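Below are the chains, spelled out letter by letter.
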Amino acid sequence: MRKRKPEEDAREDLTFRLRRGTQKIMSRSSKLVGQRFNPGDFDVVKVKINISGLSTLFQGYRIVHISDIHYGQWISADRLKGVVGLINQQEPDIVAITGDFVSYSGRNVEDLIPVLRGIRARDATVAVLGNHDYWLGAKRIRSILSESKILELNNDVYTVTREGCVLHIAGVDSTTVKKKQLNKVLQKLPPNGPAILLAHEPDFADISAETKRFSLQLSGHSHGGQFVIPKLGTPFRGDGFRKYPLGRYQVGEMVQYTNRGLGTNAFWIRINCAPEITVIDLQPKEKRA
């Protein structure tokens, strides 16, 4: 079997190889304790967000947001199939996935395709890549998304229309691997109509909010810290999620929402921080008198 040629941003340093080894060990051991889907393992979090300039034709427009699948670690094919079932139960208008489809090993990642193809959204399933997707090989992940009928917003914009009214869904590429091109996104973004931004790293909100062009940013990356102290939040923060690690924040005129993710890092531990499926219903923001 021929080895894949490493891509430009792919990682093969010692730390990455050690974590890949940990993933393999954990994956093998998980087969002993089971990899079956249990709906009680996942939080379906419902959120209402007011959007300035949103037409009443988009009243109740539903976005289902997931992030950080990290397929091949705690998230098995059976668990992901169950998650897709929960997503479809919400009857989404659009599904947004904010990166890190994979982790440290590319073994069997093409198994994502038939599962992700099962997502049912009225308009589209859209996504951005995360740092792990680049580290494992962005070309390979993009091929998987294409075969799964998922539209990647690689510094790009997707526009939803309802009887001539519009809602723009934009995506900026990962800041961790220095692929973000917000200026390119803004150039593609039409001047009229509200806009939502997908960005893998939540702390990018400080930059996107300054443009005053986005009403909402959706992110992941942090896994919510995987450990949450009630009323205090998570003590575990890192690059890209030091300020906005989980949940809802107001950043200037923009709402930042950070999903806790579905998967985990190399260590499969979550405490008071269940995997999250976010169901966002949009509402037109009332104008002040």
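This is a predicted model, so every value here is computed, not measured. (Residues numbered from 1 in each chain as written. Predicted model: local features only at pLDDT ≥ 70, side-chain atom pairs only at ≥ 80, totals over all residues. Heavy atoms only, no water.)

Asks: Help me understand the sheet that holds strand 4 (residues 124-128) in this model?
Replies: Each strand in a sheet pairs with another by means of backbone hydrogen bonds, the pair being arranged parallel or else antiparallel. On the basis of which strands lie adjacent, the open sheet formed by six strands has the order 1-12-2-3-4-5 and mixed pairing. Edge positions in the open sheet fall to strand 1 (43-51) and strand 5 (151-152), since each of these has one partner strand only. Two elements, strand 2 (residues 62-66) and strand 12 (residues 276-284), share four bridges in a ladder whose sense is antiparallel. Following the sheet pairing, R62 is matched in strand 12 by D281. Those strands touched by helix 2 (residues 77-89) are strand 2, strand 3 (94-98) and strand 12, and its axis lies near 20° from that of strand 12. (Pairing = 2+ DSSP bridges. Helix = DSSP H or I, 4+ residues; strand = E, 2+ residues; numbered from the N terminus. Contact = heavy atoms within 4.5 Å. Axes fitted to C-alpha atoms, helices over the stretch in contact; angles between N-to-C directions.)

Asks: Can you walk me through helix 2 in this structure?
Replies: Relative to the 18 Å expected for 13 residues at 1.5 Å per residue, helix 2 spans 19 Å between its end C-alpha atoms, a close match to the ideal helical length. Residues of helix 2 that are buried include every one of R79, L80, G82, V83, V84, L86 and I87, and no others. Lining the buried residues of helix 2 we find strand 2, strand 3, helix 3 (112-116) and strand 12. Just beyond helix 2, the residue with positive phi is E91, at close to 50°. (Expected span 1.5 Å × (residues − 1). Buried < 20%, exposed > 50% of the residue type's maximum accessible area, 1.4 Å probe, protein only.)

Asks: Mind showing me how you'd approach the packing of aromatic side chains here?
Replies: Each pair of aromatic rings is reported with the distance of its centres and the angle of its planes. One pass over the structure, following the stated rule, counts five aromatic pairs. Ring geometry for F42 and W74: centres 5.6 Å apart, planes at 45°, overall tilted. Here F42, found in the loop between helix 1 (14-33) and strand 1, pairs with W74, found in the loop between strand 2 and helix 2; they are 32 residues apart in sequence, far enough to count as distant. Pair check on accessibility: F42 and W74 agree, each one buried. Ring pairs connect the aromatic residues F37, F42 and W74, which therefore count as one cluster. (Phe/Tyr/Trp six-rings, centres within 6.5 Å; stacked < 30°, edge-to-face > 60°.)

Asks: What exactly am I supposed to notice about the environment of S222 here?
Replies: For S222, the position within the fold is in the loop between strand 9 (216-219) and strand 10 (247-251). When the C-alpha atoms of S222 and G261 are compared, they prove to be 7.6 Å apart, with 39 residues separating the residues in sequence. With residues near it in sequence (within four places) discarded, S222 still touches F241, P245, T258 and N259.

Asks: For this particular structure, what's the right way to read the sheet that holds strand 11 (residues 254-258)?
Replies: Strand order across the open sheet formed by six strands is 6-7-8-9-11-10, with mixed pairing between neighbours. Each edge of the open sheet is held by one strand with a lone partner, namely strand 6 (156-162) and strand 10. Put simply, the sheet's adjacent strands are angled 20° from each other on average, direction ignored. Summarising the sheet, strand 6 and strand 7 (residues 165-172) pair through seven bridges and their orientation is antiparallel.

Asks: Sorry, what's going on with the pattern of salt bridges here?
Replies: Close approach of charged atoms allows side chains of opposite charge to pair. Following the criterion strictly, the structure yields 13 salt bridges and no others. The partner of E110 in a salt bridge is R140, and the shortest N-O contact between them spans 3.0 Å. Here E110 is found in the loop between strand 3 and helix 3, whereas its partner R140 is found in helix 4 (residues 131-147), with 30 residues between them in sequence. With a relative accessible area of 32%, E110 lands in the partly exposed category. According to the relative accessible area criterion, R140 is buried, its value standing at 17%. The partner of E253 in a salt bridge is K212, and the shortest N-O contact between them spans 3.8 Å. Placement of the pair is E253 in the loop between strand 10 and strand 11 and K212 in the loop between helix 6 (205-210) and strand 9, with a sequence separation of 41 residues. (Salt bridge = Lys/Arg side-chain N within 4 Å of Asp/Glu carboxyl O.)

Asks: What is the right way to read the environment of L153 from this model?
Replies: Looking at the element boundaries, L153 is found in the loop between strand 5 and strand 6. Residue classification places L153 among the buried positions, given a relative accessible area of 2%. Not counting residues up to four positions away in its chain, the partners in contact with L153 are V126, A127, V128, Y158, I169, A170, G171, V172 and L198.

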